[in-house]
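Fold and contact review
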Amino acid sequence: MTEQGTVLMTYATARLSDADIEALGSELDRIRADVVASRGERDASYIHTVIKVQRGLEVGGRTLLLGSLLPPLWLAGTAMLSAAKILENMEIGHNVLHGQWDWMRDPEIHSTTWEWDLVTPAAAWKHTHNDLHHTWTNVVGRDRDIGYTIIRMSEDQAWRPWHLAQPAYNLLLAAVFEWGIALFDLELDDVVHGRKSKRELFDQVRAVLGKAIRQAAKDYVLFPLLSGPSAVPTLVANLTANVVRNVWAHTIIFCGHFPDGVEQFTVAEVDGETRGGWYLRQLLGSANIDGSRLLHVLSGNLSHQIEHHLFPDLPSNRYAEIAPQVRALCGRFALPYTTGPLYHQAASAWKRVFRMAFPSHPRPSHPRPSHPRREAAAVAPYAMA
Amino acid sequence: MRFTRSGRTIAGDQATPLLILGEDAGVVMPSGCRMGICFGCVAPVRSGQVRDLRTNQVHGEAGELIQTCISTAATDVELEL
């Protein structure tokens, strides 16, 4: 509905005028500027501590596993190694690769140099995640994270008979998630549709294979062999740790954009999107998880998915600090702030997996006046005046 | 501004993103989201200062990695691309 002199943007859960959207954007820019201005020693100390703890857990875990024939050592070693992998991938790897710590100019803790303990190479993941997912967040038809091309997670995604099996294969995906991500990051659908050459795919496959071989050699050959008589239990332990990390990561990630209350968008709806509009979509398209500080760290602060999507490159330790301000803004602008305990959010996401396994009708599209097309090369809509 | 590895020197204004200036000059410029969130466009500065188009902040040191999609030249700039 258009009022004279004003355009109303109507997403399912928000009715904001253009002026309101820009005001929201300015407020969020201010929160961002405050964090950027105050980044310093305290933050650097945080990431250095997390890295130290992670390395301690990994060294300790792998050392215990040298005697993994003994069940207590197997259990303790596997638990420590699982925690180490979770910390490395989530609170450290994901956030470092987002550039959250680039401001320190540390050559090792940097988005351009960090390589993580995961099958998918950092470079491949940065493209599909930092670029594509964070730009096109929750836009059906553009954000491939909506179901990762194999799971139907939107009424606007066409139903196919194999989706009936998606609860089962999503469970399987959870167990082998790092392999799923590696395959996903190859963007095979781009090759099928002629958007990527076979030559480029070949180079990327070579990179993944190289990484996979190094990962497998480390976890399934080197450390088992170093364990001598405990070789087989160590191999099983390392496999278990990888599966634990996979299932945990899958669970946390599914809580990010799939629980009830999260909004999805069409390509038409984001045509002409301004910076304020991008902020609004990130906020409406993300969900948090309530929990303890331990949950926040173990989830890589993806428990603050909303804050992360608003500010993907701000240090993760700051998300909990700015969350009250973001929540207050939601109150002021009458916007939803989707959150809940872990079991509730995970159950909600899984309910959607089951619901979307069956055919359903597309949701009614939101009538929205058209905006002038954003030029492909222009940064102008996102620049401050 | 000068692209040291490609050997191109161009005259650019102080409002256009360096990414666009480089692309228009035929330099191979890495890019990603083109909106400053993905760090897919970072390039090292050899000399000069840049201005962040989002915040108007001016910065730049030799060796600093800047995001070309949201930076414009504040002074004469040399980029190692």
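The following paragraphs examine the structure supplied in this document. Just so it is clear, the model here is predicted, and its values are computed rather than measured. (Residues numbered from 1 in each chain as written. Chains lettered and ligands numbered in written order. Predicted model: local features only at pLDDT ≥ 70, side-chain atom pairs only at ≥ 80, totals over all residues. Heavy atoms only, no water.)

**Brief notes about the nonpolar core**
All names here are of chain A. Filter applied, for reference: By nonpolar core is meant a set of buried Ala, Val, Leu, Ile, Met, Phe, Trp, Tyr and Cys residues that side-chain atoms within 4.5 Å join together. Buried, partly exposed and exposed residues are distinguished by accessible area as a fraction of the type maximum, computed with a 1.4 Å probe on protein chains only: under 20%, between the cut-offs, and over 50%, respectively. Strands are runs of DSSP state E lasting at least two residues, helices are runs of H or I lasting at least four, and both sets are numbered from the N terminus onward. The criterion used for residue contact is that any of the two residues' heavy atoms lie within 4.5 Å.
Core analysis: the largest hydrophobic core is formed by 38 residues, its most contacted members being Ile109, Trp114, Trp116, Met153 and Phe254. If you tally residues by element for this core, the top one is helix H3 (residues 71-97), at 6 residues. The contact partners of Ile109, leaving out residues within four places of it in the chain, are Ile47, His48, Ile51, Val96, Trp101, Met104 and Trp114. Leu24, Val270, Leu310 and Leu335 belong to the second-largest nonpolar core, a separate cluster that totals 31 residues.

**Quick notes on the sheet that holds strand S5 (residues 58-59) of chain B**
All names here are of chain B. So the rule is basically this: When DSSP finds two or more bridges between a pair of strands, those strands are recorded as paired.
Spatially, 3 strands are ordered S5-S4-S7 in an open sheet, and the strand pairing comes out antiparallel. Because the sheet does not close on itself, it has two edges, and the strands there are S5 and strand S7 (71-73). Here 2 bridges tie strand S4 (residues 50-52) to S5, and the two strands are oriented antiparallel to one another. Directly across from Arg51, in S5, lies its bridge partner Val58.

**Topic: empty space enclosed by the protein**
Formally: For each structure, a 1 Å grid was placed over the protein atoms alone; sets of points admitting a 1.4 Å probe that cannot get out are labelled cavities, open sets with protein on both sides within 12 Å along at least five of seven lines are labelled pockets, and lining residues have an atom within 4 Å of a point. Grid points are joined across faces, edges and corners, and a volume is the space filled by probe spheres set on the points. Each residue receives one of three labels: charged for Asp, Glu, Lys and Arg, nonpolar for Ala, Val, Leu, Ile, Met, Phe, Trp, Tyr, Cys and Pro, and polar for the others, Gly being one of them.
Scanning the entire structure with this criterion turns up 5 cavities of 30 Å³ or more. Put simply, the parts of the chain that give the lining of the largest cavity at least two residues each are H3, helix H4 (122-135), helix H6 (177-185), helix H9 (231-257) and helix H12 (305-310) of chain A. Among the residues forming the lining of the largest cavity, the class breakdown is 13 nonpolar, 10 polar and 5 charged. Every residue along the wall of the second largest cavity is listed here: Arg32, Arg275, Trp278, Tyr279, Leu310, Phe311, Pro312 and Asp313 of chain A together with Ile37 and Arg54 of chain B. Top contributing element to the lining of the second largest cavity by residue count: helix H10 (residues 275-284) of chain A, with 3 residues.

**Examining the pairing of strand S3 (residues 42-47) of chain B**
Residue and element names in this part refer to chain B. Inspection of the sheet shows S3 paired to strand S6 (residues 65-67) by 3 bridges, in the antiparallel sense. Within S6, the position partnered with Pro44 by the bridge is Leu65. As defined by bridge partners, S3 adjoins strand S8 (residues 78-79) across 2 bridges and the pair is classed as antiparallel. By the bridge assignment, Val45 is partnered in S8 with Leu79.

**Points about the interface of chain A and chain B**
Using the following cut-off: A 1.4 Å probe defines the accessible area here, and the buried area is the portion of it lost by two parts on being joined, summed over both. When a carboxyl oxygen of Asp or Glu is within 4 Å of a side-chain nitrogen of Lys or Arg, the pair counts as a salt bridge. Distance and chemistry together define a polar contact, namely a pair of N or O atoms within 3.5 Å, with one atom able to donate a hydrogen and the other to accept it when in protein, and with adjacent residues in sequence counting only for side-chain atoms on both sides.
At the interface, 23 residues of chain A touch 21 residues of chain B. Between chain A and chain B the total buried area reaches about 1,700 Å² when both faces are included, carbon and sulfur atoms providing 60% of it. The interface formed by chain A and chain B contains 2 salt bridges. Across the contact surface, chain A and chain B share 2 residue pairs in polar contact (both at pLDDT 80 or more). For the side of chain A that touches chain B, the secondary-structure elements that each account for two or more residues are H4 and H10 of chain A. Across the side of chain A that touches chain B, the residue classes break down as 9 nonpolar, 8 polar and 6 charged.

**Concerning the packing of aromatic side chains**
Residues and elements named next belong to chain A. Heads up, the rule is: The aromatic pairing rule takes the rings of Phe, Tyr and Trp, using the six-membered ring of Trp, and pairs them if the centres are within 6.5 Å, calling planes under 30 degrees apart stacked, those over 60 edge-to-face and the rest tilted. We count a charge as sitting over a ring when the NZ of a lysine or the CZ of an arginine lies within 6 Å of the ring centre and within 35 degrees of the ring normal.
This structure, assessed with the given rule, holds 10 aromatic pairs over all chains. Their ring planes at 55 degrees and their centres at 4.7 Å tell us that Trp116 and Trp125 sit as a pair that is tilted. The same class applies to Trp116 as to Trp125, namely buried. Relative to Phe177, the ring of Tyr148 lies with its centre 6.2 Å away and its plane at 90 degrees, an arrangement referred to as edge-to-face. Taken together, the positions of Tyr148 in the loop between H4 and helix H5 (166-175) and Phe177 in helix H6 put the pair 29 residues apart, joining distant regions of the chain. Grouping aromatic residues by their ring pairs yields a cluster made of Tyr148, Phe177, Phe184, Phe254 and Phe258. Over the aromatic face of Trp136 sits the side chain of Arg142, whose NZ or CZ is 4.8 Å from the ring centroid. Here the guanidinium or amino end of Arg144 rests over the ring plane of Phe184, the centre of that ring lying 4.2 Å away.

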